[in-house]
Amino acid sequence: MEKLTSSSGSGGWAGSAFLFLQSNLQQVDLPALYKDLEQKINVFKALKLTLSDSAGGLDGYEILKVHDTESALIIQIKFSDEMHCTAFLESYASGGLKQCLGQHLKAVLPVTEELEFDTKLKAGSKTLDDFLKDRDRCLRCIKEAQPDRLRDDEVAQLETTLQSLMLNNRHPSEAVHKGSSSSSSSKPLSPALPLNSREEGSQLPSDSFKFQGRVYDDRRLTSSDHQKFAFVIGKQWKKVGRSLQKGCRALKDPAIENLAYEFDRDGLYEQAYQMLNKFLQSEGKKAKLSRLISALEENGLMGIAERMLDIQPAERQ
């Protein structure tokens, strides 16, 4: 693998960290699953969705390398944006990253138990877990630990395969051999239709919307949607609110900031709940599921969008 010859390449903010992951569930051996050609793409997708949810979207970071040791997976992450790195640190410190990883892995693995993990975060020789509350110090350590490699060839291939799957409506485990040198005889892939979706015709019906290449019936947001959103969105609720504000006067920036201030002591659930409540009250019949999914998609929160649509493991792309 080619080494980087400069600290950041473009002179902008950049840093690197190593995330260590080890499952506490005996039957979920993450390194073994990652080595398994049938499961590698599923594990990689779970890692990507987890980082996307934790870092607040698809920008500001990239996976450079996934190391599989005897007991743990080690993910080398390059951060190119301080804001997204801060969001990642907050999610890691609060336990949100563990929760997201457990949900995404449980969706693609044949396990019924709740998944728990031992984690460690390092930047250079510093273990950030020792001073996570000192966010500025953590950021300095990550920035000082400049990335020392380009993206690994295997990771690049996994990224390409995952993007292809999302465009072509295929399930990860069906295409994992596509990027392997011994996969020339891999079988054709077939799309997996989700619940409450319909085959896409030549023209999209007015009461439908498309997500990840599949067509879903559109409808008004329900109280169940409302509560689920508030429970899973976490600190990303402001971003979603700003995306929804494009067609909703009630969610202009001052209103969003007022909600953050007014419900600060009540926590993220209440802030997110009140934001979506304002959207529902203002938009009435126009407060559709499609608008919320579009706002999540716009911010790269694909994992949360999948959960809002109740996409089942066998139906995930």
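Above this text sits the structure in question.
Given the structure is predicted, the values throughout are model-derived calculations rather than measurements.

About the cut-offs
- Residues numbered from 1 in each chain as written.
- Predicted model: local features only at pLDDT ≥ 70, side-chain atom pairs only at ≥ 80, totals over all residues.
- Heavy atoms only, no water.
- Pairing = 2+ DSSP bridges.
- Helix = DSSP H or I, 4+ residues; strand = E, 2+ residues; numbered from the N terminus.
- Contact = heavy atoms within 4.5 Å.
- Axes fitted to C-alpha atoms, helices over the stretch in contact; angles between N-to-C directions.
- Parallel < 35°, antiparallel > 145°, perpendicular 65-115°, else oblique.
- Left-handed = near helix turned anticlockwise from the far one by under 90°.
- Nonpolar A, V, L, I, M, F, W, Y, C, P; charged D, E, K, R; others polar.
- Core = buried A, V, L, I, M, F, W, Y, C linked by side-chain atoms within 4.5 Å.
- Buried < 20%, exposed > 50% of the residue type's maximum accessible area, 1.4 Å probe, protein only.
- Expected span 1.5 Å × (residues − 1).

Asker: Can you help me understand the pairing of strand β1 (residues 15-23) in this one?
Answerer: Side-chain positions along a regular strand alternate between the two faces of the sheet. The sheet contact formed by β1 and strand β3 (residues 73-79) spans seven bridges and is antiparallel. In the sheet register, leucine 19 faces β3, and the bridge partner there is isoleucine 75.

Asker: Explain the side chain of aspartate 225 to me, please; I cannot follow it from the model alone.
Answerer: Considering the arrangement of structural elements, one finds aspartate 225 in helix α7 (residues 223-232). When near neighbours in sequence (up to four residues on either side) are disregarded, aspartate 225 contacts Arg219, Arg220 and Met308.

Asker: Mind showing me how you'd approach the sheet that holds β1 here?
Answerer: Whether parallel or antiparallel, the strands of a sheet pair through hydrogen bonds between backbone atoms. Taken together, the five strands give an open sheet; going across it, the order is β2-β3-β1-β4-β5, and neighbouring strands pair in antiparallel fashion. Every other strand in the sheet has two partners, leaving β2 (61-68) and β5 (126-127) as the edge strands with one partner each. Judged from the two bridges that link them, strand β4 (residues 117-123) and β5 form a sheet pairing that is antiparallel. Within β5, the residue paired with alanine 123 across the bridge is lysine 126. Contacts between helix α4 (residues 96-108) and the sheet are confined to β1 and β4, with β4 contributing the most and set at about 125° to the helix.

Asker: Looking at this structure, I do not really get the packing of helix α8 (residues 237-244) against helix α11 (residues 289-298). What am I missing?
Answerer: Packed helix pairs are specified by the crossing angle of their axes together with the interaxial distance, meaning the distance between the axes. At their nearest, the axes of α8 and α11 sit 9 Å apart, and the two run at 120° to each other. In terms of their interaxial angle, α8 and α11 are classed as oblique. Every pair of crossing elements has a handedness; the one defined by α8 and α11 is right-handed. On α11, the residues that touch Val240, Ser243 and Leu244 of α8 are Arg291, Leu292, Ala295, Leu296 and Glu298. In terms of residue class, the contact of α8 with α11 is built from five nonpolar, one polar and two charged.

Asker: Is there a simple way to explain the nonpolar core in this structure?
Answerer: In globular proteins that are soluble, nonpolar side chains generally tend to be buried together. Judged by nonpolar contacts, the single largest core of 48 residues is most densely connected at Ile75, Phe79, Leu128 and Ile142. In terms of nonpolar packing, the next biggest core, distinct from the first, is built from 36 residues, Phe263, Leu276, Leu301 and Leu309 among them.

Asker: Would you mind going over helix α10 (residues 268-283) with me for this structure?
Answerer: Taking 1.5 Å as the rise per residue, α10 with 16 residues should run 22 Å; its terminal C-alpha atoms sit 23 Å apart, in good agreement. Structurally, α10 contributes buried residues whose contacts are with α7, α8, α9 (253-262) and α11. Just downstream of α10, glycine 284 is the residue with a positive phi angle, here 60°.

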